[in-house]
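A structural walkthrough
In case you want the letters, here they are:
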Amino acid sequence: LATIIFTIVVSWTNIQKSLIIINAYTKDWNFDVLSNWVENNIPKSSKVAAHNNVPLPVEEVERIIYEPAQSFSIDEFREKGADYAIAHLGWATSGFYWWMGAKPKIFWKYYWNKPLDILEYSYPAIALRELQNFMVYSVLNPWQAPDTDYLVAKIPKYKVLSREKEISYDFEKDLNGWFKEGKYWVTKDGLDWRDGSLIVKNEPAMLPSIRWQSLPIETKGWSAIVIDFKTKTESELENLKTGYVFLNFYKNVEDAKLSKNRIGVRVSKRNSLEGEWVNINLVSQVPTNAEFMTIGFSSYNPVGSITKLDSLTVFKASIITDFGGVTVTPFEIDDNNLFPVSHGNL
């Protein structure tokens, strides 16, 4: 009897996880669940951003490309005319495995454990976390029972009623408090400040979280924000998606300073024009419990390009967000679903 009790006690965690797996695999496959939901909830003639392996069994639905090199975020989907976006996490999270294959010397020294501080500030993670704010449906297995997971988001339309300038950055005389943030493999960080611009330079060894970042900005009492910024990319390559700005929201100034416990994120579309200055606009609601935010500037495709941020202005705003009558419920994805603990969580 003592042996049985001891075995149960030391094996309790494994027993619990085994029960989770049994329960998950007695249900329908997520592909079938999503197919049924889409068929009953996505209106005919809708435009849906979805990868080719996402089921869209609805008449006259137009599939819009959901690919990192073309469109991968809320503003980019809206620019393409999308009404909905469906993220296929088995495919969209494929860029989060790099740390598992690191060279042993570096791996043992830095990345024995999952580097969430880096992964969370990579472009794919920012874009997927952004979807959380616009969720209408999800099909997610517990991470212990791997299956293909899906997130369905409604693409919003914004109408700006009013805006009031709060902060303006021009980077002519100094950095205006902006600083280098993120981690990288080598001593060079690929970031520069020159001729009145913040620069992300060609740096093939850069890790995906490297960025320019502002000091914390208090947003207590704000309902919405409008950001206007000016960016330029110089490259010998064509059809790149490069510079983008993103907003990180936090409950307090300490979290904002440490870039931890982020409670919301919004990301601009990426610059896709080469050789000319482009004005880009970002509109965002402020999460109800957010009292501070930081602004980040980075480049999705720094290899073979130089991307510049010339100026940026922050406006406190009043906006109307239109979801077309669809109920949106913000939802936080479990870290282990978004950032698998092994290839395919197996």
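Residues numbered from 1 in each chain as written. Predicted model: local features only at pLDDT ≥ 70, side-chain atom pairs only at ≥ 80, totals over all residues. Heavy atoms only, no water.

**Describing the packing of aromatic side chains**
Aromatic ring pairs are described here by two measures, namely the spacing of the ring centres and the angle between the planes. One pass over the structure, following the stated rule, counts 15 aromatic pairs. Ring centres 4.9 Å apart and planes at 70 degrees place the aromatic pair F96 and F339 in the edge-to-face group. With F96 in the loop between helix 5 (89-92) and helix 6 (104-110) and F339 in the segment after helix 10 (335-338), this pair connects stretches of sequence that are 243 residues apart. Across the pair, exposure class does not vary: F96 and F339 are buried alike. Here K154 stacks its cationic end above the ring of Y84, 5.2 Å away from the centre of that ring. (Phe/Tyr/Trp six-rings, centres within 6.5 Å; stacked < 30°, edge-to-face > 60°. Helix = DSSP H or I, 4+ residues; strand = E, 2+ residues; numbered from the N terminus. Buried < 20%, exposed > 50% of the residue type's maximum accessible area, 1.4 Å probe, protein only. Lys NZ or Arg CZ within 6 Å of the ring centre and 35° of its normal.)

**What about the layout of surface pockets?**
Unfilled space is identified by rolling a water-sized probe across the atoms. Its boundaries defined by the atoms lining it, the largest pocket holds a volume of some 760 Å³. For the lining of the largest pocket, the secondary structure elements donating two or more residues are helix 7 (116-119), strand 14 (264-267) and strand 15 (278-285). At three residues, the largest contribution of residues to the lining of the largest pocket is made by strand 14. Taken together, the residues of the lining of the largest pocket break down into 13 nonpolar, eight polar and eight charged. (1 Å grid on protein atoms, 1.4 Å probe; cavity = no way out; pocket = protein on both sides within 12 Å on 5 of 7 lines; lining within 4 Å. Points joined across faces, edges and corners; volume = space filled by probe spheres on them. Nonpolar A, V, L, I, M, F, W, Y, C, P; charged D, E, K, R; others polar.)

**Digging into the nonpolar core**
Y66 and L128 are the most contacted members of the largest nonpolar core, which totals 39 residues. Mapped onto this core, the elements with two or more residues apiece are helix 4 (74-79), strand 3 (84-88), helix 5, helix 8 (123-131), strand 5 (150-154), strand 13 (243-250) and strand 14. Ranked by residue count, the leading element in this core is helix 8, at six residues. Not counting the four nearest positions on each side in its chain, L128 is found in contact with Y66, A87, L89, A92, T93, F96, I333 and L338. Within the second largest apolar cluster, 27 residues are counted, among which are Y169, V245, V286 and V314. (Core = buried A, V, L, I, M, F, W, Y, C linked by side-chain atoms within 4.5 Å. Contact = heavy atoms within 4.5 Å.)

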